[in-house]
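Chains, contacts and geometry: an overview
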Amino acid sequence: MAEGAAAISAHAEVVIRPSSDADVSAMIAIYERHIRRGVGDTGDFEEERLLPDELRRRRKNMRSKRLPHLVAERGGQIAGYAYAVPFRKRPAYRYALKHSIYVHPDHLHAGIGRRLLPALIEACSAGGYRQMIGYIDASNEASLRLHEACGFARVGYLPAIGYKYGRWSDSVIVQCPLGTGAEDQPNAWHRPERAISFPSS
């Protein structure tokens, strides 16, 4: 464990809040650890380095669409982050999102994911979205358990869909209804424009 993380009490408060440009370097460090070691909670297979300007552009684009981009701060350090993006670009999928969540390896087993994921779900529900999709590496049992505990169901399986770290990887597709899900019709036939409020920590 890194010296900085080792100095953090196991009972240090975890604060969930919207990310800012000041968090970019910490988020990139978490992302690069994921790329090198595969410690993220998603089944993403992106392998190129994420540059600061690119991450800032992505955050700006999400904000323009009123989509959440959250960080978990633990003991003054960024311990993880999570965000949601449109599931697909076609208008028919305007109420569905795809999410990603990354936890710094020095902060695993500290309940970071169990704070980030419900906050992300709540923020997206408040924005009027109805479904959240995730792709999880089938070998990541901890992430699968986390998602199931937060209301996700396994709805699909993609065998040998990706190749990374010298092996073929399977992905599990998980889905969680947001708000009233498919129980009723959307109020208007357009992308939700309601501002997202973030839960207090």
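The structure contained in this document is the topic of the report that follows. (Residues numbered from 1 in each chain as written. Predicted model: local features only at pLDDT ≥ 70, side-chain atom pairs only at ≥ 80, totals over all residues. Heavy atoms only, no water.)

1. Observations regarding the pattern of salt bridges
Applying the stated rule across the entire model yields 10 salt bridges. With a shortest N-O distance of 2.6 Å, aspartate 21 and arginine 59 are connected by a salt bridge. Here aspartate 21, found in the loop between β1 (14-18) and α2 (24-37), pairs with arginine 59, found in helix α3 (residues 52-64); they are 38 residues apart in sequence, far enough to count as distant. Arginine 130 is paired through a salt bridge with aspartate 184; the nearest N and O atoms lie 2.8 Å apart. Placement of arginine 130 in the loop between α4 (112-126) and β5 (131-137) and of aspartate 184 in the segment after β7 (167-177) is noted, with a sequence separation of 54 residues between them. Aspartate 184 gets classed as partly exposed once you look at its relative accessible area, which sits at 37%. Look at the salt bridges and you will find they share partners, linking Arg17, Asp23 and Glu73 into a network. (Salt bridge = Lys/Arg side-chain N within 4 Å of Asp/Glu carboxyl O. Helix = DSSP H or I, 4+ residues; strand = E, 2+ residues; numbered from the N terminus. Buried < 20%, exposed > 50% of the residue type's maximum accessible area, 1.4 Å probe, protein only.)

2. Some words on the packing of aromatic side chains
Counting across every chain of the model gives 5 aromatic pairs. Between tyrosine 31 and tyrosine 102, the aromatic rings sit 5.5 Å apart at their centres with planes inclined by 75°, giving edge-to-face as the arrangement. You can see tyrosine 31 sitting in helix α2 and its partner tyrosine 102 sitting in strand β4 (residues 96-103), a full 71 residues away along the chain. Each member of the pair, tyrosine 31 together with tyrosine 102, is buried. Between tyrosine 81 and tyrosine 83, the ring centres sit 6.3 Å apart and the planes meet at 20°, which makes this aromatic pair stacked. On the accessibility criterion, tyrosine 81 (1% relative accessible area) is buried. These aromatic residues form a ring-pair network of at least three members: Tyr31, Tyr81, Tyr83 and Tyr102. (Phe/Tyr/Trp six-rings, centres within 6.5 Å; stacked < 30°, edge-to-face > 60°.)

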